[in-house]
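# What the coordinates show
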Amino acid sequence: MYTEITGNLNAKDKRFAIVVSRFNDFITSRLLDGALDCFTRHGGDVKSITVIRVPGSFEIPLTAARLAKTGGYDAVICLGAIIRGATPHFDYVAAEAAKGVAQAGLASGLPVIFGILTTENIEQAVERAGTKAGNKGWDAMLSALEMTDLFKKIG
Ligand code: INI
């Protein structure tokens, strides 16, 4: 029989930093609500969470990289909402945010979770922020719980 290692979903004694973009705050505040709800409903104490606000999703990766380097957190969760609308700005911000969050994780060895919505329009963002497609902030926290437990086991 093979050996299998999987992470459990337990928030007890976990310390997380959550980086939240103020851009599209009407969406990102709902993602934050979902992440915090997920944390407490898995046994976490909200006092173990630090929320860091940044202007937009473009600023998330650098901030996440600095937080990951402090050694003060078990994971960094990145929450943002990049909505295409009518501007090509979307493609640049979305590409840099995705690349940068991945890079922050690779450089630090810490789980840095991508909870940044990239949607075609506002309706799709609303759907993913606590309405019919669930709450991606909740999902991001779930990934953080699983990954931190997994890394504790792998070493
Ligand atoms: N930032 C977002 O988080 N979402 C967006 O949809 C967005 N759009 O579309 O422009 C956005 N832009 C701001 C960007 O993240 C930076 O804050 C800004 O460019 C300053 O560096």
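See above for the structure.
Residues numbered from 1 in each chain as written. Predicted model: local features only at pLDDT ≥ 70, side-chain atom pairs only at ≥ 80, totals over all residues. Heavy atoms only, no water.

### Remarks on the site of the ligand
Threshold: Residue proximity to a molecule or strand is established when one non-hydrogen atom of the residue lies within 4 Å of it. A 3.5 Å cut-off defines polar contacts: any pair of N or O atoms within that distance qualifies, except that in protein one atom must be a possible hydrogen donor and the other a possible acceptor, and neighbouring residues in sequence count only when both atoms are side-chain atoms. Here the Shrake-Rupley method, with its probe set to 1.4 Å, supplies the accessible areas, and only the displayed protein chains count as covering residues. Think of it this way: any DSSP run of H or I at least four residues long counts as a helix, any run of E at least two long counts as a strand, and we number them from the N terminus. The classification used treats Ala, Val, Leu, Ile, Met, Phe, Trp, Tyr, Cys and Pro as nonpolar, Asp, Glu, Lys and Arg as charged, and all other residues, Gly among them, as polar.
In the region of the ligand, the neighbouring residues are S21, F23, N24, G56, S57, F58, E59, A81, I82, I83, H89 and V93. Between S57 and the ligand, the recorded distance is 2.7 Å, taken from a side-chain N or O atom to an oxygen atom. Within the backbone of F58, an N or O atom sits 3.0 Å from an oxygen atom of the ligand. For the ligand, whose accessible area on its own is 460 Å², the fraction buried by protein is 78%. Contributing elements (two or more residues each) for the shell around the ligand: strand 3 (75-83) and helix 3 (89-108). Sorting elements by how many residues they give to the shell around the ligand places strand 3 first, with three residues. Per-class residue counts for the shell around the ligand are six nonpolar, five polar and one charged.

### Some words on unusual backbone geometry
Put simply, the rule reads: The classification of residues rests on relative accessible area computed with a 1.4 Å probe and restricted to protein chains. Under 20% of the type maximum is buried, over 50% is exposed, and intermediate values are partly exposed.
For D13, which is not a glycine, the phi torsion comes out positive at approximately 65°. Tracing the backbone through its elements, the reader meets D13 in the segment before strand 1 (16-21). The exposure class assigned to D13 is exposed, which follows from its relative accessible area of 67%. Its identity as a non-glycine residue notwithstanding, N24 has a phi of 60°, on the positive side.

### Concerning the packing of aromatic side chains
How two aromatic rings sit relative to each other is given by the distance of their centres and the angle of their planes. Our working rule: A pair of Phe, Tyr and Trp rings is counted when the ring centres sit within 6.5 Å of each other, with Trp represented by its six-membered ring. The angle between the planes then sorts it: under 30 degrees is stacked, over 60 is edge-to-face, the rest tilted.
All told, the structure shown has one aromatic pair when counted by the stated rule. Look at F16 and F39: their rings are 5.7 Å apart centre to centre, the planes differ by 65°, and that puts the pair in the edge-to-face class. Of this pair, F16 sits in strand 1 while F39 sits in helix 1 (residues 25-41), and the two are 23 residues apart along the sequence. F39 carries the same exposure label as F16, and that label is buried.

### Section: the environment of A68
To keep things clear, this is the line we draw: By definition, residues are in contact when any of their heavy atoms lie within 4.5 Å.
Mapped onto the fold, A68 is located in helix 2 (residues 60-70). In this structure A68 comes out as buried when scored by relative accessible area, which is 10%. Here A68 is in contact with V76, S108, L110 and V112, once residues within four sequence places are set aside.

### Notes on a nonpolar patch on the surface
Stated precisely, the cut-off is as follows: Nonpolar side chains (Val, Leu, Ile, Met, Phe, Trp, Tyr) are joined into patches within 5 Å and like charges within 9 Å, using only residues with over 30% relative accessible area and no salt bridge. A pairing counts as a salt bridge when a side-chain nitrogen of Lys or Arg comes within 4 Å of a carboxyl oxygen of Asp or Glu.
Judged by side-chain polarity, I5, F151 and I154 come together as a nonpolar surface patch covering roughly 270 Å² of accessible area. With respect to the element layout, I5 can be found in the segment before strand 1. When its relative accessible area of 45% is taken as the criterion, I5 is described as partly exposed.

### Focus: the packing of helix 1 against helix 5 (residues 136-154)
What counts, and what does not: The axes are straight lines fitted to the C-alpha atoms, using for helices just the contacting stretch, and the angles between their N-to-C directions are given from 0 to 180°. Should an angle fall under 35 degrees it is taken as roughly parallel, and over 145 as roughly antiparallel, whereas 65 to 115 is taken as roughly perpendicular and any remaining angle as oblique. Rotating anticlockwise by less than a right angle from the far helix to the near helix defines a left-handed crossing, while the corresponding clockwise rotation defines a right-handed one.
Relative orientation of the contacting elements helix 1 and helix 5 amounts to 40°, with a least axis distance of 6 Å. One finds that helix 1 runs oblique with respect to helix 5. Every pair of crossing elements has a handedness; the one defined by helix 1 and helix 5 is right-handed. Within the contact between the two elements, helix 1 uses L31, G34, A35, D37, C38, F39 and R41 and helix 5 uses K136, G137, W138, M141, L142 and L145. When grouped by side-chain class, the residues that make up the contact of helix 1 with helix 5 number eight nonpolar, two polar and three charged.

These figures capture arrangement, not role.
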